[in-house]
Amino acid sequence: MSMPASRAPSSAQPGEMLIGALLRVPAQAIHRRIINELNAAGFKGLRVPHMAVLQLPGPAGVRPGTLAERAGISKQAMNQLLHSLEGLGYIVRSGAPNGGRARIIRFTQRGRDAYAKIHDILRDIEREWSAELGPRRFTQLKELLLRVWESPLTH
């Protein structure tokens, strides 16, 4: 089996790899796996770009502009994704409780089921990564990533 071009050679040293690639490549692999497993489980039509909407903490009760900001994409691009997900039956857009033109996103039952399946897939991935790295190292990885997440480095 040949290694994908995006993977670093096994001889690469940690100092040679930049943090962006070290974080991006596993994240992309996780997103591809989530979408593949969702499609295989009957959640048809989902594609990797939909992960911009389906990522934690999810779109429920949020405005499209907030989702676009979270995902780092334009409002127009987010609205295209939302339109697609709405057409596939995963979400609905409705008026905000305070009225006006604002719209908020809500999961349909199908969307809630897909979101629950995402959590199951992520738990499977965590078990596999823990087995690969060892429980102590996997816990350290998560602790370090959480520390970066909560630090000013990511805000």
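Our structure's up above, just so we're on the same page.
1. Digging into unusual backbone geometry
(1) Moving on: For the peptide bond that leads from leucine 56 to proline 57, omega is 10°, which places it in the cis range.
(2) Moving on: Considering the arrangement of structural elements, one finds proline 57 in the loop between helix 2 (51-54) and helix 3 (64-71).

2. Brief notes about the packing of helix 5 (residues 109-133) against helix 6 (residues 135-150)
(1) Moving on: Look at helix 5 against helix 6: their axes get within 6 Å of each other, and the N-to-C directions meet at 120°. Taken together, the axes of helix 5 and helix 6 are oblique relative to one another. Here helix 5 and helix 6 pass one another in a crossing that is right-handed. Every residue of helix 6 that contacts helix 5 at Glu126, Trp129, Ser130 and Leu133 is listed here: Pro135, Arg137, Phe138, Leu141 and Lys142.

3. Observations concerning the packing of aromatic side chains
(1) Moving on: Using the criterion set out here, one finds two aromatic pairs in the structure.
(2) Moving on: Centroid distance phenylalanine 43 to tyrosine 90: 6.5 Å. Interplanar angle 45°. Geometry classified as tilted. With a gap of 47 residues between them, phenylalanine 43 in the loop between helix 1 (19-40) and helix 2 and tyrosine 90 in the loop between helix 4 (75-87) and strand 1 (91-95) connect regions that are remote in the sequence.
(3) Moving on: Its relative accessible area of 12% is what places phenylalanine 43 among the buried residues.
(4) Moving on: Consider the rings of phenylalanine 107 and tyrosine 115, whose centres lie 5.2 Å apart with planes at 40°: the pair is tilted.
(5) Moving on: With relative accessibility at 12%, the residue phenylalanine 107 sits in the buried group.

4. Regarding the pattern of salt bridges
(1) Moving on: Under the definition given, this model contains six salt bridges.
(2) Moving on: The partner of glutamate 128 in a salt bridge is arginine 33, and the shortest N-O contact between them spans 2.5 Å. Taken together, the positions of glutamate 128 in helix 5 and arginine 33 in helix 1 put the pair 95 residues apart, joining distant regions of the chain.
(3) Moving on: Overall, glutamate 128 belongs to the partly exposed group, its relative accessible area being 41%.
(4) Moving on: Two residues, glutamate 86 and arginine 93, come together in a salt bridge whose shortest N-O distance is 3.0 Å.
(5) Moving on: The exposure class of glutamate 86 is partly exposed, given its relative accessible area of 28%.
(6) Moving on: Among the ionic contacts, a cluster of salt bridges with common partners joins Arg33, Glu37 and Glu128.

5. A word on the nonpolar core
(1) Moving on: If you look at the biggest cluster of nonpolar residues, it comprises 26 residues, and the most contacted ones within it are Leu38 and Leu46.
(2) Moving on: Mapped onto this core, the elements with two or more residues apiece are helix 1, helix 2, helix 3, helix 4, strand 2 (103-107) and helix 5.
(3) Moving on: In terms of residues, this core owes the most to one element, helix 5, which gives five residues.
(4) Moving on: Excluding residues that lie within four positions of it along the chain, leucine 46 makes contacts with Ile35, Leu38, Asn39, Leu54, Leu85, Leu88 and Tyr90.

6. Describing the packing of helix 3 against helix 4
(1) Moving on: The N-to-C vectors of helix 3 and helix 4 enclose an angle of 110°; their axes lie 9 Å apart at closest approach. When the axis of helix 3 is compared with that of helix 4, the two are roughly perpendicular. The segment helix 3 lies against helix 4, with Pro64, Gly65, Leu67, Ala68 and Ala71 engaging Lys75, Met78, Asn79 and Leu82.
(2) Moving on: Split into classes, the residues belonging to the contact of helix 3 with helix 4 amount to six nonpolar, two polar and one charged.

Rules used in this analysis
- Within each chain, residue numbers correspond to sequence positions counted from 1 in written order.
- Whole-chain, interface and lining totals are the exception, using all residues; otherwise, since this is a predicted model, local features are given only for residues with pLDDT of at least 70 and side-chain atom pairs are given and counted only at 80 or more.
- Water and hydrogen atoms play no part in the side-chain values, which are based on all heavy atoms of the structure.
- Every helix listed is a DSSP run of H or I at least four residues long, and every strand listed is a run of E at least two residues long, numbered separately from the N terminus.
- Here the axes come from fitting lines to C-alpha atoms, over the contacting stretch only for helices, and the angles between their N-to-C directions go from 0 to 180 degrees.
- What sets the label is the angle itself: under 35 degrees gives roughly parallel, over 145 gives roughly antiparallel, 65 to 115 gives roughly perpendicular, and the rest give oblique.
- Handedness of a helix crossing follows the sense of rotation of the near helix relative to the far helix, less than a right angle counterclockwise being left-handed and clockwise being right-handed.
- By definition in these notes, contact holds between two residues if any of their heavy atoms fall within 4.5 Å.
- Note on aromatic pairs: the rings of Phe, Tyr and Trp (six-membered ring only in Trp) are paired at centre separations within 6.5 Å, and the planes decide the class, stacked below 30 degrees, edge-to-face beyond 60, tilted for the rest.
- Think of it in three bands: with a 1.4 Å probe and only protein chains considered, a residue is buried below 20% of the maximum accessible area for its type, exposed above 50%, and partly exposed in between.
- In the sections that follow, a salt bridge refers to a side-chain nitrogen of Lys or Arg positioned within 4 Å of a carboxyl oxygen of Asp or Glu.
- Nonpolar cores were defined as sets of buried Ala, Val, Leu, Ile, Met, Phe, Trp, Tyr and Cys residues, with membership established by side-chain atoms within 4.5 Å.
- Gly is put with the polar residues, along with every residue not named as nonpolar or charged; the nonpolar set is Ala, Val, Leu, Ile, Met, Phe, Trp, Tyr, Cys and Pro, and the charged set is Asp, Glu, Lys and Arg.

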